[in-house]
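So the chains spell out like this:
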Amino acid sequence: MIRIAHISDTHITGESAYKGYAYDLIVNDVNRGDFDFVIHTGDVTNQGLREEYERASYELGKIKKPLVVIPGNHDVRNVGYKLFEKFIGPLNGVYEFRDGVVIWVDSTIPDLSDGRVGGHKFRWLKARLEEYSEKKFKIVAAHHHLVPLPDTGRERNVLYNAGDVLDLLLRHEVSLYTCGHKHVPNVYRIEDMVVDNAGCTSCRKTRKGDVNSYNIVTIHDDGRIEVTIKRVTGDKVRKEHRPIKPKIFVPRGERLLRIVQMSESNVSERMYFRRKVLENAIRTINEKLRPDIVIHNGDIVDMGIERYYEKAYEFYEKIKAEKLVVPGHNDITYLGYDLFLEYFGEPEIVEMKGFTFLPVISAQYETPIGVVGRIGQRKIAKHLEEYRENFTVVVLHHNIVPIPRSREVGFLEDAGDVLRTLTRGEANLVLTGHGGNSFAVKVEKTPIVNAGSISWELHRNPFGNSFNLIDVYPGMIVVFEVQATWGSGRLLGIWKVKGPFTP
Ligand SMILES: [Fe+2]
Ligand SMILES: [Fe+2]
């Protein structure tokens, strides 16, 4: 068993932003506890100033355990990264412990609050993950969060390349990602990895009137990972993750439903629209795949003009299965908002064979940034509650988890709160379609599947234009990505699911 104290965002300064008593309280707790080591995930200081670093090195000296410290965006202000190396230690590094390793990486960008694990650092991280691939427990630590966090207001400052980093960590079977930054304690499991966000240890700036806290991570020899958020009030919230074992998937029983998911057709007269590819795909869907329902996750036209809507309608009329189309931001440009309703109608709840599909509108005028809104979130929560007995599928345009190969700038304004609504309500499946690349991960109990672009040449998918084929069996979901030109497939995700229809 390994026990880690995870502190973060101490924001040490001479000014009133810093709460020295909270720091001392937590450090005493940490020193008394049976911890093997301590991880500090950054924002050690408030402004990266010399006087702050001097005080910080004294304050950190109070911690009587091995200590790993990661730089945060506040630490690198005023070229503080030079002082970090001088007063605290290396910006990137490796700490080995019995059975495991902590690889920490500097995710800061001087003078910005945003994060990035840029080209060199990304390769360095990848090389370290390969070097330590034999270790049973791989921990990656950085300052910035990886998936949207609830209760942070507008979603921002996630790593620009969060999708790539998330993909990298999952491919290398990282067991734990620790971070801080938003001053909100939170624990998610993504596939078999625990994402452990610390709140803030000693900064006045907490959110929603919260108090200072730190996280206690326990890694058991059998692979279980336990995270307890411990607040200075003594309040504790504990979460445990058991790794999925054995990782063998055999469908039990007949297939319950087949869904085809597509996005970003961007029907238009522009050269980037690949008409033949779309025709081909529709033929394959009608003749070979024969799904129960086809979901289009938005950007059905490239611009919201009548001529394009006419063409798009012609294409989708040909699809024989039941259809559900939600608008993307391209669809509602110009007169698109009205045209979408005219040609495709107000998206409505679809119920079939014990499944319910809930369309959610996230597109806004004249911006690729989407929003669900607090009323929209309440609607989702209510729907998930009402249809608890059904298999619930939520459908929207904007991606909620970051997508590889895209620059993540918070494409859904309130992604953090939306993600919490979906995972708390235990949505059985979430379908999104922004970013021009396919990606699928399970967050908590909810698989989230993003579709790439089916017929738009400007995409980010090395597999090419594609759509997803989702088969639901009792207790299991399989997602294949189908190459839109060749019809070849590859596995995008496979999950055992609890809930409705579990044998
Ligand atoms: Fe901070
Ligand atoms: Fe920060």
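Residues numbered from 1 in each chain as written. Chains lettered and ligands numbered in written order. Predicted model: local features only at pLDDT ≥ 70, side-chain atom pairs only at ≥ 80, totals over all residues. Heavy atoms only, no water.

Selection rule: UniProt positions are given in the numbering used here, feature names are shortened, and annotations may be inferred rather than shown by experiment.
The name an unreviewed UniProt entry assigns to the protein chain is Metallophosphoesterase, from the organism Thermococcus indicus. Reading the Sequence similarities (unreviewed entry) entry of the UniProt record for the protein chain gives the comment "Belongs to the cyclic nucleotide phosphodiesterase class-III family."

### Overview of helix 10 (residues 415-424)
Side chains that are three or four residues apart share a direction in an α-helix, a result of its 3.6 residues per turn. Worth spelling out the cut-off: Buried means the residue's accessible area, taken with a 1.4 Å probe over protein chains only, is under 20% of the maximum for its type, while exposed means over 50%, and partly exposed covers the values in between. In this text, helices come from DSSP runs of H or I with a minimum length of four residues, and strands from runs of E with a minimum of two, each type numbered from the N-terminal end. In this analysis, two residues are considered to be in contact whenever any of their non-hydrogen atoms come within 4.5 Å of each other.
Of all the 10 residues making up helix 10, 9 are buried; the element is thus mostly covered by neighbouring parts of the structure. Among all positions of helix 10, only Ala415, Gly416, Asp417, Val418, Leu419, Arg420, Thr421, Leu422 and Thr423 are buried. Contact partners of the buried residues in helix 10: strand 10 (186-190), helix 9 (373-386), strand 20 (391-395), strand 21 (429-432), strand 22 (439-443) and strand 23 (446-450). One or two residues past the end of helix 10 sits glutamate 426, with phi positive at roughly 50 degrees.

### Some thoughts on the packing of helix 9 against helix 10
As a reminder, the rule being used: Here an angle of 0 to 180 degrees is reported between the N-to-C directions of two axes, which are lines fitted to C-alpha atoms, with helices fitted over the stretch in contact. Oblique is the label for any angle not under 35 degrees, not over 145, and not in the 65 to 115 range, which are roughly parallel, roughly antiparallel and roughly perpendicular in turn. All residues other than Ala, Val, Leu, Ile, Met, Phe, Trp, Tyr, Cys, Pro, Asp, Glu, Lys and Arg, Gly among them, are scored as polar; the first ten of these are nonpolar and the last four charged.
Two elements in contact, helix 9 and helix 10, have axes whose closest approach is 9 Å; the angle formed by their N-to-C orientations is 10 degrees. It follows that helix 9 is roughly parallel to helix 10 by the angle criterion. Here helix 9 contributes Gln377, Ile380, Ala381 and Leu384 to the contact with helix 10, which in turn contributes Asp417, Val418, Thr421 and Leu422. Here the contact of helix 9 with helix 10 is composed, by residue class, of 5 nonpolar, 2 polar and 1 charged.

### Remarks on helix 4 (residues 119-131)
What counts is decided by this rule: A helix's residues, less one, multiplied by 1.5 Å, set its expected span. What the arc covers is the set of directions going from the helix axis to the C-beta atoms.
Taking 1.5 Å of rise per residue, the 13 residues of helix 4 would be expected to cover 18 Å, and the 18 Å separating its terminal C-alpha atoms lies within 8% of that figure. Among all positions of helix 4, only Leu125, Arg128 and Leu129 are buried. Buried residues of helix 4, viewed axially, fall in a sector of 100 degrees; they line one side. Residues of helix 4 that are exposed and point over 90 degrees away from its buried face: His120 and Arg123. In the core, the buried residues of helix 4 are packed alongside strand 4 (93-97), strand 5 (100-104), strand 8 (137-141) and helix 5 (162-171).

### Focus on the sheet that holds strand 17 (residues 322-325)
Definition in use: Note on pairing: two strands pair once DSSP finds at least 2 bridges between them.
Judged by pairing direction, the sheet is mixed, and its 6 strands sit side by side in the order 17-16-15-24-25-26 without closing on themselves. Looking at which strands have only one partner, the edges of the open sheet turn out to be strand 17 and strand 26 (489-496). Looking at each pair of strands side by side, their axes are set apart by 20 degrees on average, direction ignored. Taken together, the 4 bridges between strand 16 (residues 293-296) and strand 17 define a ladder with parallel strand orientation. Residue pairing in the sheet places valine 294 in a bridge with lysine 323 of strand 17. Packing against the sheet, helix 6 (residues 275-289) makes contact with strand 15 (257-262), strand 16 and strand 24 (466-473), and its axis sits at approximately 25 degrees to strand 24.

### What to know about the sheet that holds strand 2 (residues 37-40)
Here 6 strands make up an open sheet; going across it, the order is 3-2-1-12-13-14 and the pairing mixed. Here the strands that pair on one side only, and so sit at the sheet edges, are strand 3 (67-69) and strand 14 (236-241). For this sheet, the mean inter-axis angle between neighbouring strands, taken without regard to orientation, is 20 degrees. Sheet analysis places strand 1 (residues 2-7) next to strand 12 (residues 213-219), joined by 5 bridges and oriented antiparallel. Bridged to arginine 3 within strand 12 is threonine 218. Along the sheet, helix 1 (residues 20-32) makes contact with strand 1, strand 2, strand 12 and strand 13 (225-231), crossing strand 12 at roughly 20 degrees.

### Describing the UniProt feature "domain: Calcineurin-like phosphoesterase" (unreviewed entry) in the protein chain
When the UniProt feature table is mapped onto this chain, "domain: Calcineurin-like phosphoesterase" (unreviewed entry) is found at residues 2-185 and 275-434. Counting secondary structure, residues 2-185 comes out at 30% helix and 21% strand; the distance between its end C-alpha atoms is 21 Å.

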